[in-house]
Amino acid sequence: MRLLKKTEEYRVDSEIEAKEAMEKFRSEAAEKGYILGSCGYTYKEKKAKGEIIDEAFLIKCVKIYGTVWDNI
């Protein structure tokens, strides 16, 4: 059995932190043996009674380790 693809999600507190994390995933891809299929972030707000009470950035990253037909 082989791992082919993994989707990971992370929460960070700022847009700068999100961009730095995405750059880290890109730079370590070859070192850790995966191809970055997609990577992006979205801004999330938590509201109560119309007021923003919390905010975060959600990073979603798809790491591809191989395909069905790759030789072992």
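Above: the structure in question.
Keep in mind that this is a model prediction, so the values were computed, not measured.

Calculation notes
Residues numbered from 1 in each chain as written. Predicted model: local features only at pLDDT ≥ 70, side-chain atom pairs only at ≥ 80, totals over all residues. Heavy atoms only, no water. Helix = DSSP H or I, 4+ residues; strand = E, 2+ residues; numbered from the N terminus. Rg over C-alpha atoms; globule rule 2.2 N^0.38 Å. Buried < 20%, exposed > 50% of the residue type's maximum accessible area, 1.4 Å probe, protein only. Contact = heavy atoms within 4.5 Å. Areas by Shrake-Rupley, 256 points an atom, 1.4 Å probe, with all protein chains shown as cover. Lys, Arg positive; Asp, Glu negative; His and termini not counted. Charge placed at Lys NZ, Arg CZ, Asp CG, Glu CD. Salt bridge = Lys/Arg side-chain N within 4 Å of Asp/Glu carboxyl O. Patch = residues over 30% accessible without salt bridge, like charges linked within 9 Å, V, L, I, M, F, W, Y side chains within 5 Å. Pairing = 2+ DSSP bridges. Axes fitted to C-alpha atoms, helices over the stretch in contact; angles between N-to-C directions.

Asker: Go over the overall build of the protein chain with me, naming the residues and quoting the values.
Answerer: For the protein chain, the count of helices and strands is 1 helix and 3 strands. Going from N to C terminus, the protein chain has its helices and strands arranged as β-α-β-β. Here the C-alpha radius of gyration of the protein chain, 16 Å, is well above what a compact globule of 72 residues would show, namely 11 Å. Its C-alpha atoms put the protein chain at 55 × 20 × 15 Å along the principal axes. When each of the 72 residues of the protein chain is scored for burial, the buried share is 24%. When contacts within the protein chain are restricted to residue pairs at least 6 apart in sequence, long-range pairs at least 24 apart make up 61% of them. Total accessible area on the protein chain stands at roughly 5700 Å², and carbon and sulfur atoms take up 53% of it. In the protein chain, which carries 14 positive and 14 negative side-chain charges, the distance between the mean positions of the two groups comes to 6 Å.

Asker: Explain the pattern of salt bridges to me, and be specific about the residues and the numbers.
Answerer: Using the criterion set out here, one finds 8 salt bridges in the structure. The partner of Lys6 in a salt bridge is Glu8, with the nearest N and O atoms 3.9 Å apart. Notably, a salt bridge pairs Asp13 with Arg11, separated by 2.8 Å at the nearest N-O pair. Take Asp13: its relative accessible area is 52%, and that puts it in the exposed class. Bridged by salt links that share partners, the residues Lys6, Glu8 and Lys63 form one connected network.

Asker: Can you explain a nonpolar patch on the surface? Please cite residues and give values.
Answerer: On the surface, Leu4, Val68 and Trp69 cluster together into a nonpolar patch covering about 380 Å² of accessible area. Considering the arrangement of structural elements, one finds Trp69 in the segment after β3 (51–64). Residue Trp69 is classed as exposed on the basis of its relative accessible area of 76%.

Asker: Pulling in residues and values, what's your account of the sheet that holds strand β2 (residues 35–48)?
Answerer: Read across the sheet, 3 strands follow the order β1-β3-β2 without closing on themselves; strand pairing throughout is antiparallel. This sheet does not close on itself; its edge strands, each paired only once, are β1 (5–12) and β2. Across the sheet, the mean angle separating the axes of adjacent strands is 20 degrees when strand polarity is ignored. Where β2 and β3 come together, 13 bridges link them in antiparallel fashion.

Asker: So what's going on with the environment of Cys39? Which residues, and what values?
Answerer: The topology assignment puts Cys39 in strand β2. In this structure the C-alpha to C-alpha distance between Cys39 and Thr7, which are 32 residues apart in sequence, comes to 9.6 Å. Once residues within four sequence positions are removed from consideration, Cys39 is found in contact with Met22, Phe25, Arg26, Ile59, Lys60 and Cys61.

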